[in-house]
Amino acid sequence: MAASPHSSLTSDNTLPVFNPSSSINITKLTRTNFLNWKATVLPYLKGQKVFGYVDGTIKMPAKEIPHSDGTVITQFWVIP
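Residues numbered from 1 in each chain as written. Predicted model: local features only at pLDDT ≥ 70, side-chain atom pairs only at ≥ 80, totals over all residues. Heavy atoms only, no water.

Comments concerning the overall build of the protein chain
Here's step 1: From N to C terminus, the protein chain includes two helices and two strands.
Here's step 2: In the protein chain, the succession of α and β elements from N to C terminus is α-α-β-β.
Here's step 3: Burial statistics for the protein chain: of 80 residues in total, 18% are counted as buried.
Here's step 4: In the protein chain, the proportion of contacts linking residues at least 24 apart, taken out of those at least 6 apart, comes to 31%.
Here's step 5: Put simply, the protein chain shows about 6,700 Å² of open surface, and 60% of that area lies on carbon and sulfur atoms. (Helix = DSSP H or I, 4+ residues; strand = E, 2+ residues; numbered from the N terminus. Buried < 20%, exposed > 50% of the residue type's maximum accessible area, 1.4 Å probe, protein only. Contact = heavy atoms within 4.5 Å. Areas by Shrake-Rupley, 256 points an atom, 1.4 Å probe, with all protein chains shown as cover.)

Laid out in structure tokens, this is it:
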């Protein structure tokens, strides 16, 4: 079975799907609430399958991704 284009699995040419609209209440991080903030944010990032970008186990996606028609897609969110 082929992987869905909306899959959260990553490979060299796909990016994870990040759903920022899921129901989560993240409080702004301050000097006094780190443990509570961490207890909220880490499970969320792991559930979204993007925590690997934070801890370095998943490499940053390429700035340019070759498309099957020969064109190159440039990632607009990558900081040079």
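Topic: the confidence of the model for the protein chain
Here's step 1: Residues at a pLDDT of 70 or more form 65% of the protein chain, whose mean pLDDT is 74.
Here's step 2: Counting contacts from residues 1–11, a segment whose pLDDT is below 50, to residues more than four positions away or on other chains yields nine contacts. (pLDDT = per-residue confidence, 0-100.)

Section: the nonpolar core
Here's step 1: Membership of the largest hydrophobic core is limited to five residues, which are Val41, Tyr44, Leu45, Val50 and Phe51.
Here's step 2: Top contributing element to this core by residue count: helix α1 (residues 34–47), with three residues. (Core = buried A, V, L, I, M, F, W, Y, C linked by side-chain atoms within 4.5 Å.)

Re the packing of aromatic side chains
Here's step 1: According to the stated counting rule, one finds one aromatic pair in the structure shown.
Here's step 2: Sitting over the face of the ring of Phe51, Lys46 holds its NZ or CZ atom 5.1 Å from the ring centroid. (Phe/Tyr/Trp six-rings, centres within 6.5 Å; stacked < 30°, edge-to-face > 60°. Lys NZ or Arg CZ within 6 Å of the ring centre and 35° of its normal.)

Things to note about unusual backbone geometry
Here's step 1: Even without being a glycine, Lys49 presents a positive backbone phi close to 60 degrees.
Here's step 2: Mapping Lys49 onto the fold places it in the loop between α1 and α2 (51–55).
Here's step 3: By relative accessible area, Lys49 is classed as partly exposed at 45%.

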